[in-house]
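# Coordinate analysis (summary)
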Amino acid sequence: MTSTASTAPPGLLVFQPKPDRPPPLQTVGVVGWLRNNLFNGWYNSLLTILILLLLVKVVPPLFSWALFDAVWTGGRDACTAGNDGACWVFVADKFRVLMVGMYPAEHLTRPILAGILFVVLSALSIFRLFSARKLVLLWVVGTAGCFWLINGGWGLTVVDQSLWGGLMLSLGLAVIGIMVSIPLGILLALGRYSQLSVIRALCVGIIEPIRGVPLITILFMASVMLPLFLPVGMEINNMLRVQIGIILFSAAYMAEVVRGGLQAIPAGQYDAAKSLGLNYWKTTVLVVLPQALRHVIPSMINRCIALFKDTSLVIIVGLLDFLGMTRASIQDPNWLGFDAEAYVFCAFVYWVICFSMSRYGRSLERQGGNE
Amino acid sequence: MSNATKRNGDQGAQAPVIQMRDVNKWFGNFHVLKDINLDVARGERIVICGPSGSGKSTLIRCINRLEIHESGTIIVDGIELTRNMKHIHKVRRQTGMVFQDFNLFPHMTILENLIFAPMWVHRIPRNRAEKIARQYLERVRIPDQAGKYPGQLSGGQQQRAAIARSLCMNPRIMLFDEPTSALDPEMIKEVLDVMVELAREGMTMICVTHEMGFARTVADRVVFMDSGEIVEQADPETFFSGARYDRTHLFLKQIL
Ligand SMILES: Nc1ncnc2c1ncn2[C@@H]1O[C@H](COP(=O)(O)OP(=O)(O)O)[C@@H](O)[C@H]1O
Ligand SMILES: [Mg+2]
């Protein structure tokens, strides 16, 4: 019974596996990669060469403009001394308004502290130093802390919200928008599957109209029309109205994203949970949502990125966010003619933030796929 | 004969633990269960068989109200199944169910799957729930899989984990819906062994299965269903050798 190769009965052929050989040169290494990806067929080869030519034409001038010929120090005059490069002095001069808007200079440490807190929170999330549950808690507490620092009250001087602006405002609107709209979107999505037709109708009645109009419309309505509906004497400030508009808009989209995840849960999961005696809420929170949300993390991150970029639309209701401040800066009569620098800087900051979010989403995706 | 005496005995000593009276159910216009009458005594082992689509799954899913019957009464351990959610949860807590495709929770490890319901439904503290869970994993012979995720186990191991998950809730009745139908042949036996053991310990079991060997070894009664009706029921010996209906003969000929 325990016969191995050595004790095989005589007369049988002995199987000898062939040794492994290296693959042919064309399929591996640099040569193989080039062959497979850039020069596979005359059409791709032509495209590769054209694109290479284009890059050679465009990239070096771009680099010399942005880095090598750029003016990094000095004042306004350094830039007008017949230089071809970018004038980053301009961005440095406008840096404060770009970051925090008209926030009073004597309280500047507060938004700086809030910014540090924000960066720390982001780092904790990126390096996953805590469990998901603790991270959520940290973000809620941390964001509340940032808001207190920036807004004031409870011992701090209150800074009027009409003075807020710049990147601080963009990030604030986006972070609060994301943090409130995700749970709200989850509730709306669950409501769509409710046994009670009233709740179902209510949720569809909220989601569909909001998804049917552009964010600009919602911001206008929140800013201009909402006050008309409010009872006399009750006032909500513009910032809060805009924030509510952003939250509702984002929640409607989040709801649809979550719905996709809910649809991916097999009916057997509900059966199993029910048969173990779990009620609706325990089944939903402990069995269904953890699985559904894992499915939709990539789309959710996409929504977050879109939302962050969409906050730039608040300019039309008179708030000066990061992009708004960029546009305001280039109209400064002391600094005319530096539009390119302003927009390149603005785009670069947006890109860094969005790209980080996207990479973070990817890593979450990979982590979720391991289990 | 043996059926008759059993029924008399039940009425004398204790009421049946499951009692289905004139149960009817429809899916839309489709009449899926027709006048079902079924009594199950405590400790009784029942095998339900019948062609695909005859309503076997629907019948046992009515017993823990995963499906809602439209007419008739179902009483489980003295509790009638109505819209009363409290009663439904009570019945579900004492009724374990094992499904054809396991339905383990894929985002939890095997151990977490097992302690989940005891902790959240029975409010048992974690360390005690874990102790119980490990005992049951031992019993279904996969003690070393506790830390793995369901996706990392073979079908047979997953199904045994699912059985253990049900047992952790300390149920009085176990419902099995074709527990071996999704398994490769070499894994069927390891699951059936666990079920036979459970039967030997006196668990009340209703088992939808086409494993006639299992029916012969452990069943007190075999129930044959077709087109939403119970065609006939008898103890295994009578059922396999002297079924009274042509439909039953045809079915047995096809699967044996
Ligand atoms: N949720 C449902 N909606 C509509 N029809 C269903 C549903 N579940 C089962 N059926 C139908 O009811 C019949 C009985 O199903 P089932 O009880 O699963 O049969 P079995 O388990 O005996 O194969 C089948 O014809 C099936 O198509
Ligand atoms: Mg079935």
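Check the entry above for the structure.
The structure presented is a predicted model; accordingly, all values stated were derived computationally and were not measured. (Residues numbered from 1 in each chain as written. Chains lettered and ligands numbered in written order. Predicted model: local features only at pLDDT ≥ 70, side-chain atom pairs only at ≥ 80, totals over all residues. Heavy atoms only, no water.)

### Section: the interface of chain B and chain A
Taken residue by residue, the interface counts 23 residues in chain B and 18 residues in chain A. Between chain B and chain A the total buried area reaches about 1800 Å² when both faces are included, carbon and sulfur atoms providing 64% of it. When the buried area of chain B at its contact with chain A is split by residue, Arg92, Phe105 and His107 of chain B rank highest and sum to 28% of it. In this structure, the connection of chain B to chain A is made through 1 salt bridge. Here Asp271 of chain A makes a salt bridge to Arg61 of chain B, at a shortest N to O gap of 2.8 Å. Listed by contribution, the elements that provide at least two residues to the side of chain B that touches chain A are helix H3 (85-93), strand E6 (95-98), helix H4 (110-120) and helix H6 (155-167) of chain B. The element that contributes the greatest number of residues to the side of chain B that touches chain A is H4 of chain B, accounting for 3 residues. Of the residues that constitute the side of chain B that touches chain A, the class distribution is 13 nonpolar, 6 polar and 4 charged. (Contact = heavy atoms within 4.5 Å. Buried area = accessible area lost by both parts, 1.4 Å probe. Salt bridge = Lys/Arg side-chain N within 4 Å of Asp/Glu carboxyl O. Helix = DSSP H or I, 4+ residues; strand = E, 2+ residues; numbered from the N terminus. Nonpolar A, V, L, I, M, F, W, Y, C, P; charged D, E, K, R; others polar.)

### Here's the deal with the pattern of salt bridges
Applying the stated criterion across every chain yields a total of 19 salt bridges over all chains. As a salt-bridge pair, Arg160 of chain B and Glu190 of chain B come within 3.0 Å of each other at their nearest N and O atoms. Of the two residues, Arg160 of chain B is situated in helix H6 and Glu190 of chain B in helix H7 (residues 185-200); the sequence distance between them amounts to 30 residues. Look at Arg160 of chain B and you get buried, because its relative accessible area is 7%. Judged by its relative accessible area of 24%, Glu190 of chain B is partly exposed. Each of Arg192, Glu208, Arg211, Glu256 and Arg259 of chain A takes part in one network of salt bridges that share partners. (Buried < 20%, exposed > 50% of the residue type's maximum accessible area, 1.4 Å probe, protein only.)

### Regarding the sheet that holds strand E2 (residues 30-40) of chain B
All names here are of chain B. Spatially, the 4 strands line up as an open sheet ordered E2-E1-E4-E5, and their pairing is antiparallel. Of all strands in the sheet, those with a lone pairing partner are E2 and strand E5 (79-80), marking the two edges. Of the pairings in the sheet, the one linking strand E1 (residues 18-27) to E2 comprises 7 bridges and is antiparallel in character. Paired with Val23 across the two strands is Ile36, which belongs to E2. (Pairing = 2+ DSSP bridges.)

### Observations concerning helix H5 (residues 109-126) of chain A
For H5 of chain A, with 18 residues, the first-to-last C-alpha span of 25 Å sits near the 26 Å given by 1.5 Å per residue. At the exit of H5 of chain A stands Arg128 of chain A, carrying a positive phi of roughly 45°. (Expected span 1.5 Å × (residues − 1).)

### Overview of the pairing of strand E3 (residues 45-49) of chain B
Residues and elements named next belong to chain B. Here E3 lies mainly inside the structure; 4 of its 5 residues are buried. Note: E3 against strand E8 (residues 204-208), 4 bridges, orientation parallel. Looking at the pairing, Val47 lines up with Cys207 of E8. Looking at chain direction, E3 and strand E9 (residues 221-226) are connected through 4 bridges and run parallel. Looking across to E9, one finds that Val47 is bridged to Val222.

### Quick notes on the nonpolar core
Core analysis: the largest hydrophobic core is formed by 74 residues, its most contacted members being Phe90, Leu262, Val314, Phe322 and Phe345 of chain A. Discounting chain neighbours no more than four positions away, the residues touching Val314 of chain A are Leu173, Leu219, Val242, Ile246, Leu319 and Asp321 of chain A. Counting 51 residues, the second-largest nonpolar core is a separate cluster that includes Phe102, Ile110, Cys168 and Met212 of chain B. (Core = buried A, V, L, I, M, F, W, Y, C linked by side-chain atoms within 4.5 Å.)

### Considerations on the packing of helix H11 (residues 267-275) of chain A against helix H12 (residues 280-310) of chain A
Residue and element names in this part refer to chain A. One way to put it is that H11 packs onto H12 with a least axis distance of 10 Å and a crossing angle of 155°. One way to sum up the angle between H11 and H12 is to call them roughly antiparallel. Viewed along their axes, H11 and H12 form a crossing whose handedness is right-handed. Where H11 approaches H12, its residues Gln269, Tyr270 and Ala273 are matched on the opposing element by Thr283, Val287, Val288 and Gln291. (Axes fitted to C-alpha atoms, helices over the stretch in contact; angles between N-to-C directions. Parallel < 35°, antiparallel > 145°, perpendicular 65-115°, else oblique. Left-handed = near helix turned anticlockwise from the far one by under 90°.)

### Remarks on the layout of surface pockets
Looking at the second largest pocket, its volume works out to about 1100 Å³. Considering the residues around the second largest pocket, the lining is formed by 27 residues, among which Tyr193, Gln195, Lys274 and Tyr280 of chain A together with Met85 of chain B are closest to the centre. When contributions to the lining of the second largest pocket are tallied by element, the ones reaching two or more residues are helix H7 (166-192), helix H10 (238-263), H11 and H12 of chain A together with H3 of chain B. With 5 residues, the single largest contributor to the lining of the second largest pocket is H12 of chain A. (1 Å grid on protein atoms, 1.4 Å probe; cavity = no way out; pocket = protein on both sides within 12 Å on 5 of 7 lines; lining within 4 Å. Points joined across faces, edges and corners; volume = space filled by probe spheres on them.)

### Description of the site of ligand 1
Residue and element names in this part refer to chain B. All residues adjacent to ligand 1 are Phe27, Phe30, Val32, Pro51, Ser52, Gly53, Ser54, Gly55, Lys56, Ser57 and Thr58. Gly53 is positioned with one of its backbone polar atoms (N or O) 2.7 Å from an oxygen atom of ligand 1. Ranked by residues supplied to the shell around ligand 1, first place goes to helix H2 (residues 56-63) with 3 residues. Residue composition of the shell around ligand 1, grouped by class: 4 nonpolar, 6 polar and 1 charged. (Near = heavy atom within 4 Å. Polar contact = N/O pair within 3.5 Å; in protein donor to acceptor, adjacent residues only side chain to side chain.)

### Notes on the state of the cysteines
Within the structure shown, the criterion is met by 1 disulfide over all chains. Two residues share a disulfide in this structure: Cys79 of chain A and Cys87 of chain A, whose sulfurs sit 1.9 Å from each other. Its S-S torsion of about 70° marks the bond between Cys79 of chain A and Cys87 of chain A as right-handed, since a negative value means left-handed. Taken individually, Cys79 of chain A and Cys87 of chain A each receive the classification buried, so the pair is uniform in this respect. No disulfide involves Cys304 of chain A; its sulfur sits 11 Å from the nearest other cysteine sulfur, which is in Cys354 of chain A. Between Cys207 of chain B, a free cysteine, and Cys49 of chain B, which holds the nearest cysteine sulfur, the sulfur-to-sulfur gap is 11 Å. Residue Cys207 of chain B is classed as buried on the basis of its relative accessible area of 1%. (Disulfide = S-S within 2.5 Å.)

### Describing the environment of Arg110 of chain A
All names here are of chain A. As for its position among the elements, Arg110 is in helix H5. By relative accessible area, Arg110 is classed as buried at 6%. The spacing of Arg110 and Leu149 is 39 residues in sequence and 5.4 Å in space, taken between C-alpha atoms. Leave out the neighbours within four places in its chain, and Arg110 touches Tyr103, Leu149, Ile150, Asn151, Gly152, Leu156, Thr157 and Val159.

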